[in-house]
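Here is how the chains run, residue by residue.
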Amino acid sequence: EVQPGESGGGLVQTGGSLRLSCTPSRIGFRDYTIGWFRQAPGKEDEGISCINPSDGATWYAESVKGRFIISSDNVKKTVDLQMNRLEPEDTAVYFCAKTLSISHCQDPFGDYWGQGTQVTVSS
């Protein structure tokens, strides 16, 4: 019923926090791993985190490890990304998509589910 995609972005100062929410396709929610990706101007897409909603296994890119926390809500069937201690380098459009596995989260396994949500961190 609700359109798949991303929400929660905004403009924050360095050191601030944001919480992003991903609404994937509800069908087969626990059949695959779900990942967050970001696209910064002039840079290739970067896989930053993923989670297996079935067992809670997670993966984080080194660039966000210790600052971001990914979680899944198996009732709402959403995946959130808590972003703490944000830095200007985190400025990007953030997307979510399924991934092949918890060990293959650097690239999406299919199209992004929405148009992304903009995160801008001012310095």
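Whatever comes next refers back to the structure up there.
Bear in mind that the values here come from a model prediction, so they are computed numbers and not experimental data. (Residues numbered from 1 in each chain as written. Predicted model: local features only at pLDDT ≥ 70, side-chain atom pairs only at ≥ 80, totals over all residues. Heavy atoms only, no water.)

## A few points about the nonpolar core
One broad rule of soluble globular proteins: the nonpolar side chains tend to lie buried together. Our working rule: Residue types Ala, Val, Leu, Ile, Met, Phe, Trp, Tyr and Cys, when buried and joined through side-chain atoms within 4.5 Å, form a set referred to as a nonpolar core. Relative accessibility decides the category of a residue: with a 1.4 Å probe and only protein chains considered, values under 20% of the type maximum give buried, values over 50% give exposed, and everything between is partly exposed. In this description a helix means any DSSP run of H or I spanning at least four residues, a strand means any run of E spanning at least two, and both kinds are numbered starting from the N terminus.
Counting 25 residues, the largest nonpolar core has W36, F68, V79, L81, M83 and Y94 as its most contacted members. Broken down by secondary-structure element, the contributors of at least two residues to this core are β3 (18–23), β4 (33–39), β5 (46–51), β7 (68–73), β8 (78–83), β9 (92–99) and β10 (117–122).

## A few points about the sheet that holds β10
Note the following rule: DSSP calls a pair of strands paired once it identifies at least 2 bridges connecting them. To obtain an axis, a line is fitted to C-alpha atoms, over the contacting stretch when the element is a helix, and the angle between two such axes runs from 0 to 180 degrees between their N-to-C directions.
The sheet built from six strands is open, its strands ordered β2-β10-β9-β4-β5-β6 with mixed pairing. Taken across any chain shown, the strands that pair with only one partner, and hence form the sheet edges, are β2 (10–13) and β6 (58–60). With direction set aside, neighbouring strand axes in the sheet form an average angle of 25 degrees. Of the strand pairs in this sheet, β9 and β10 are connected by three bridges, and their pairing is antiparallel. Considered in β10, the bridge of V93 is made with Q118.

## Some thoughts on unusual backbone geometry
Positive phi outside glycine occurs at K77, with the angle close to 60 degrees. For R85, which is not glycine, the phi torsion reads 45 degrees and is therefore positive. With respect to the secondary-structure elements, R85 resides in the loop between β8 and β9. Looking at R85, the relative accessible area reads 48%, which means it is partly exposed.

## As for the environment of Q106
The cut-off we apply is this: Residue contacts are counted whenever heavy atoms from the two residues lie within 4.5 Å of one another.
Looking at the secondary structure, you find Q106 in the loop between β9 and β10. By relative accessible area, which is 40% here, Q106 ends up partly exposed. Among residues more than four places away in sequence, those in contact with Q106 are F37, G47 and W59.

## Quick notes on the pattern of salt bridges
Spelled out, the test is: For salt bridges, the criterion is a side-chain nitrogen of Lys or Arg within 4 Å of an Asp or Glu carboxyl oxygen.
In this structure the tally under the stated criterion is six salt bridges. With a closest N to O distance of 2.8 Å, D90 and R38 form a salt bridge. You can see D90 sitting in the loop between β8 and β9 and its partner R38 sitting in strand β4, a full 52 residues away along the chain. What emerges from the salt-bridge pattern is a single network uniting R38, E46, R67, E87 and D90.

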